[in-house]
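Analysis of the macromolecular model
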Amino acid sequence: MTSFTLLLCGIVALSTLAFPTQNSVLFDFTTCSQSEIDAWREVSDTVRKPGMSKAVLALQTTRVYQRAVMFAVINPQPNGAGFAGMQTAMPSSASSHVSSTGLRLQVRGQGELKYWKVVLTDKDQVGTNRTDYEQKFKLQKISDREFETVDLDFANFGAYRRGRPVKDAPPLDLAKTGTFGFQTFGGVYDGYKQKGTGSLEIDSVEFY
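Everything numeric in this text was worked out from a predicted model, so none of it was measured.

Conventions adopted
- Residues numbered from 1 in each chain as written.
- Predicted model: local features only at pLDDT ≥ 70, side-chain atom pairs only at ≥ 80, totals over all residues.
- Heavy atoms only, no water.
- Helix = DSSP H or I, 4+ residues; strand = E, 2+ residues; numbered from the N terminus.
- Buried < 20%, exposed > 50% of the residue type's maximum accessible area, 1.4 Å probe, protein only.
- Contact = heavy atoms within 4.5 Å.
- Areas by Shrake-Rupley, 256 points an atom, 1.4 Å probe, with all protein chains shown as cover.
- 1 Å grid on protein atoms, 1.4 Å probe; cavity = no way out; pocket = protein on both sides within 12 Å on 5 of 7 lines; lining within 4 Å.
- Points joined across faces, edges and corners; volume = space filled by probe spheres on them.
- Nonpolar A, V, L, I, M, F, W, Y, C, P; charged D, E, K, R; others polar.
- Pairing = 2+ DSSP bridges.
- Phe/Tyr/Trp six-rings, centres within 6.5 Å; stacked < 30°, edge-to-face > 60°.
- Lys NZ or Arg CZ within 6 Å of the ring centre and 35° of its normal.
- Polar contact = N/O pair within 3.5 Å; in protein donor to acceptor, adjacent residues only side chain to side chain.

Another aspect to go through is the overall build of the protein. The helix and strand inventory of the protein stands at two helices and 13 strands. Residue burial in the protein is summarised as follows: out of 208 residues, 43% are buried. A separation threshold of at least 6 residues defines the contact pool for the protein, and within that pool the share at least 24 residues apart is 75%. Carbon and sulfur atoms form 53% of the exposed surface of the protein, whose accessible area is close to 11,500 Å².

This is the structure in structure tokens:
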């Protein structure tokens with residue numbers, strides 16, 4: 001094998017690692033249409049009488065780039081209860097990635113809200129007093145207003161109902177997932193609290 005062939009193989013291998021294939025992308029907000037954004041709906045604490053929080057997902061399109069932006073305001077109760085989120089149907093292609101390790105987010109946060117989560121809901125739980133599979137994450141570069149990569153291992157998704165862990169729940173099964181959502185929250189059951197306004201800019205969500 002020539003040196004040129006070895007070099008070419010190395011370049012191909014590196015490009016495969018650095019740039020995921022289109023088949024691995026769950027949501028690509030850099031190319032999506034407005035109708036795809038319109039398919040997202042708000043799921044915030046205003047579904048309950050005391051709720052006062054709000055979330056909106058918008059498509060930001062400039063002459064240079066396009067991405068989705070989730071704007072949120074958390075007006076928590078005195079104990080920290082409060083949440084604001086957006087949700088959409090899980091693409092049917094997700095079921096072909098049940099052997100993937102997790103989800104990779106390309107995001108940037110700004111504002112007062114450092115803590116966010118991804119919420120996955122089984123098809124038979126959608127629209128009910130439901131059990132969700134959730135994983136929280138803290139934005140590490142929010143002070144620098146820089147984009148960051150967030151990896152969420154499927155093994156670390158836990159079952160919750162109204163913010164409380166569900167004991168003896170089966171592990172997440174991607175083949176059963178009916179909806180995908182982003183959410184920020186007040187932290188009623190956490191060791192930290194947050195309130196105020198913030199945004200999450202999202203380029204993509206992909207499998208890894």
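Another point: the layout of surface pockets. Any empty space left between the atoms is revealed when a probe the size of a water molecule rolls over them. The computed volume of the largest pocket comes to approximately 770 Å³. Lining the largest pocket are 33 residues, and of these Arg48, Phe83, Arg162, Gly163 and Gln183 lie nearest its centre. For the lining of the largest pocket, the elements supplying multiple residues, two or more each, are strand 7 (115-122), strand 8 (132-138), strand 10 (158-161) and strand 12 (177-185). Sorting elements by how many residues they give to the lining of the largest pocket places strand 8 first, with three residues. Tallied by class, the residues present in the lining of the largest pocket amount to ten nonpolar, twelve polar and eleven charged.

A word on unusual backbone geometry. Positive phi, close to 55°, is recorded for Arg162, a residue that is not glycine. Inspection of the secondary structure puts Arg162 in the loop between strand 10 and strand 11 (164-165). Positive phi outside glycine occurs at Asp168, with the angle close to 65°. Accessibility expressed as a relative area gives 83% for Asp168, which makes it exposed.

Looking now at the sheet that holds strand 10. Pairing is antiparallel in the open sheet, where seven strands are placed in the order 2-5-12-7-8-10-11. Looking at the sheet topology across the chains shown, the edges are occupied by strand 2 (41-42) and strand 11.

On to the packing of aromatic side chains, then. Tallied over the entire structure, the rule returns eleven aromatic pairs. Between the aromatic rings of Trp40 and Phe180, the centroid separation amounts to 6.2 Å while the plane-to-plane angle is 85°, which identifies the pairing as edge-to-face. One end of the pair, Trp40, is in the loop between helix 2 (34-38) and strand 2; the other, Phe180, is in strand 12, and 140 residues separate them in sequence. With a relative accessible area of 7%, Trp40 lands in the buried category. Classification of Phe180 as buried rests on a relative accessible area of 0%. Members of the aromatic cluster, each reached through a chain of ring pairs, are Phe27, Phe29, Trp40, Phe180 and Phe182. One Lys or Arg, Lys117, reaches over the ring of Phe185 and ends 4.9 Å from the middle of that ring.

The subject of this paragraph is the pairing of strand 5 (residues 83-89). Among the seven residues in strand 5, six count as buried, and that is most of the element. Note that strand 5 and strand 12 share seven bridges and pair antiparallel. The residue bridging Ala84 from the neighbouring strand is Thr184, located in strand 12.

Mapped onto the secondary structure, Arg67 falls in strand 4 (residues 66-74). In terms of polar contacts, Arg67 uses its side chain to reach the side chain of Asp203, at 3.0 Å. For Arg67, the residues in contact, after removing those within four places along its chain, are Phe29, Ala58, Leu59, Gln60, Arg108, Phe147, Glu201, Ile202 and Asp203.

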